[in-house]
Amino acid sequence: MALPRLTGALRSFSNVTKHEDYSEELADLKTKRSKLHEQLLKSDLTWKKIIKFVEDNLDKKEYQTVNGDLKTILEAAKQIVGAENEQEAIESGAVFLFKTFHRKECVGHDETKAIKQMFGPFPSSSATAACNATCRIASHFTEEQLTALIQMAEEQNDDNRVFFGKNIVFSFDMHDLDHSEELPVNGEADAQKIISLDYNKFLNNQLNHLQNYCDDKSDLKSLEKVDDSFLWCEVGKYLNESQGGTPGGPTTEDLCCTLYEMLASTKSGDELQNELFELLGPEGFELIEKLLQNRSLILERSLTCPNDNRFQTLQEQCKKFIGENAKPNYGCQVTIQSEQEKLLMKQFRREEKRNARKEKQAGEDGEVSGEGLMCFDPKELRMQRELALLNARSMPVLCRQREMMDFEKIRYPHVYDSRAEAVKTSAFIGGAKVFLPETVQRENNKMYEEVKIPHSEPMPIGIEEKIVYIKDLDEIGQLAFKGMKRLNRIQSIVFETAYNTNENMLICAPTGAGKTNIAMLTILHEIRQHVQHGVIKKDEFKIVYVAPMKALAAEMTSYFSKRLEPLGITVKELTGDMQLSKGEILRTQMLVTTPEKWDVVTRKSVGDVALSQMVKLLILDEVHLLHEDRGPVLESIVARTLRQVESTQSMIRILGLSATLPNYLDVATFLHVNPCIGLFYFDGRFRPVPLGQTFIGIKTTNKVQQLNHMDEVCYENVLKQIMAGHQGV
């Protein structure tokens, strides 16, 4: 291998080519790397040295205990560094953990930061295990022994360290490049000046020049006069240079007050330098330098000159920081002002300062002019304040709260809640009492008091409501609803969203209102999306119906099997009692299950991934059970489904069926339902069979008599219903 090519100039000033005793093999890079690696192992602390140190200083019994802790540190290093790395890298990581935690009792912020900078993100449990194991190992040794172990490796490392380029020797002899021409040095052509390549001489010369320059500059700065008007003049120069007379910028007074407050603070020069640069910008470099150099003088001169009106505000700010006004003022007056009054008072103070400035200029000229002394009339200020008070008296006190209440009055198109509408009325907000309807029947005797509340009147039919007939549906809808002529009122209202969109839905309706057929509409919509050329692609989707009880699941299985049989859709029950094989699940398009069973199926991470990914429609019956003991199971099912939608970017429609809910908006938000499209709430006015209510209160206070009277009253009422031909439960 040939020697590396160097320039002639570098060879002429150095003795690189004179290194004749170069005995290393130049081509053997592997030998060089192995030698360097051996030197590093000898000089630095290694895992083998730690094990040897433990063996030499502990007994056999103690060594067996400590050996388990050493394995713990090595295992933690393997998890932090990565199991794919070699054993040498893992041992180096273990040494780093030992160095980090040998004097620590827990994993702190600094240790976490050091490990993260060295290895990147890591499991916190591994760091905690390594810290605990290191603490147990360190408890067997004294502080001097641990210090000697760490320092021994560091001293060896420092002794054997050779800096790059240290063995290159340069000659400091001067060689002229051209005798016929002299080159200028630093802009000066001095033939008698001795030029040397010695770096130390060059550095000394530069330091002497720099010191002389600083002395000259300090003498010039000392000539500058730092008096009470220094800050005012410098700020004025800065504003003239930066703004150029353009209006709308900060005034000299405001900027002086701000700068004086910053100079009088307890912050250091570096912190103050950054804040001043953010305030003044790059145009204020000279001003920032002068302020920081003369910071103490500016504060002293401003405090010792109380006659200058320009610095009254500055002195007040400084006194606050020094502490002269630190004591509280007892019996001080509290003034409450509106925003308009604050603006007027601010304008008044500006006019006063302007007048004081004009008076001072007139006093210096020796002439007193009455113009401008009363350009702002205090009487006018008083009249404006009285007018503002009169306007405030006529304005409503709670106007902001009423605006918020008007904002909250959002009308959802498919929510029919008479109670919510009554609460929003002005009479209810004004405190009007709520009474029972006039048709209430009361019966009062010695034994009990009975109150009969009749059923509410049905909701009048709206103009936009249209009954949906089965004959108007497509072929799939007619086959599923065979034997029915039309949908009821609630189903007709929900039809457009359920049958023709993919929106998530929450249906809150009374018992017996036909929520099961609404679920059938969403099932038919999902089937229609997988029809190609008149054939249903049964392998592309799965529908899951979650029923609260096993008995209800069996009932829903038979109902949907009967309805979907003409379409060739297979419906199976999947509960704790009815197990299905993987082949049966694959051949099934709709599964009727319970919350606990579906929670177990979706919780698995390997076996049933394909099943959960094929689900396109999730129907949750009796969503109001969220408030019961089984509510957390439903919450986990919904949360897992929503997480799957976000992670896989797939479409899974959620349909929630429930009885009347008081907080239907909260449940709709939880199910990711758009309240303006997919939220449907129907109160008792939509019941297919009107429901009346009867309240009976027993008057006696004796508990035994209460039980007897309750049995007697219950028997009489049940007997009346049976004799009238009605059912009794």
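Residues numbered from 1 in each chain as written. Predicted model: local features only at pLDDT ≥ 70, side-chain atom pairs only at ≥ 80, totals over all residues. Heavy atoms only, no water.

Draft legend 1. Broad picture of the nonpolar core. If you look at the biggest cluster of nonpolar residues, it comprises 47 residues, and the most contacted ones within it are Y545 and L564. For this core, the leading source of residues is helix α23 (residues 515-528), giving 7 residues. Filtering out sequence-adjacent residues up to four positions away, L564 remains in contact with M520, I523, L524, I527, I569, V571 and M590. (Core = buried A, V, L, I, M, F, W, Y, C linked by side-chain atoms within 4.5 Å. Buried < 20%, exposed > 50% of the residue type's maximum accessible area, 1.4 Å probe, protein only. Helix = DSSP H or I, 4+ residues; strand = E, 2+ residues; numbered from the N terminus. Contact = heavy atoms within 4.5 Å.)

Draft legend 2. Spotlight on the pairing of strand β10 (residues 615-621). For β10, a buried count of 6 out of 7 residues is recorded, marking the element as mostly surrounded by other parts of the structure. Inspection of the sheet shows β10 paired to strand β11 (residues 653-658) by 5 bridges, in the parallel sense. Along β11, the bridge assignment pairs D621 with L657. Between the parallel elements β10 and β11, the chain passes through helix α28 (residues 631-648) in a crossover that is right-handed. (Pairing = 2+ DSSP bridges. Right-handed = clockwise from strand over helix to strand, strands pointing away.)

Draft legend 3. Main features of the sheet that holds strand β3 (residues 448-453). Across the sheet, which stays open at both edges, the 3 strands sit in the order β2-β3-β13 with antiparallel pairing between neighbours. Taken across any chain shown, the strands that pair with only one partner, and hence form the sheet edges, are β2 (441-444) and β13 (693-698). If you compare each strand with its neighbour and ignore which way they point, the axes differ by 10 degrees on average. Sheet topology places β2 next to β3; 4 bridges connect them, and they run antiparallel. Within β3, the residue paired with Q441 across the bridge is K452. Across the sheet, helix α30 (residues 703-723) touches β3 and β13, and the angle it forms with β13 is around 150 degrees. (Axes fitted to C-alpha atoms, helices over the stretch in contact; angles between N-to-C directions.)

Draft legend 4. Spotlight on the packing of aromatic side chains. As enumerated under the stated definition, the model contains 11 aromatic pairs in all. Ring plane angle 35 degrees and centroid distance 5.0 Å describe the contact between F53 and F141, whose orientation is recorded as tilted. Note that F53 is positioned in helix α3 (residues 47-57) and F141 in the loop between α7 (124-138) and α8 (143-159), a separation of 88 residues in sequence. For F141, a relative accessible area of 9% puts it in the buried group. Ring geometry for Y545 against F560: centres 5.3 Å apart, planes inclined by 55 degrees, an arrangement best described as tilted. Taken as a pair, Y545 in strand β7 (residues 542-546) and F560 in helix α24 (residues 550-564) lie far apart in primary sequence, 15 residues in all. (Phe/Tyr/Trp six-rings, centres within 6.5 Å; stacked < 30°, edge-to-face > 60°.)

Draft legend 5. Here's a closer look at α23. Between its first and last C-alpha, α23 extends 20 Å over 14 residues, near the 20 Å set by a 1.5 Å rise per residue. Extensive coverage of α23 is indicated by the burial of 12 of its 14 residues. Taken together, the buried positions of α23 are occupied by K515, N517, I518, A519, M520, L521, T522, I523, L524, H525, E526 and I527. (Expected span 1.5 Å × (residues − 1).)

Draft legend 6. Quick peek at the sheet that holds strand β1 (residues 415-416). Here we have 8 strands laid out as an open sheet, ordered β1-β12-β4-β11-β10-β7-β9-β8, and parallel in their pairing. Every interior strand has two partners, whereas the edge strands, β1 and β8 (571-574), have only one. With 4 bridges joining them, β8 and strand β9 (residues 590-593) adopt parallel strand pairing. Counted as the bridge partner of L574 is T593 from β9. On top of the sheet, α23 reaches β4 (505-508), β7, β9, β10 and β11; it is set at about 170 degrees to β11, its chief contact. Against the sheet, α28 makes contact with β10 and β11, and its axis sits at roughly 160 degrees relative to β10, the strand it touches most.

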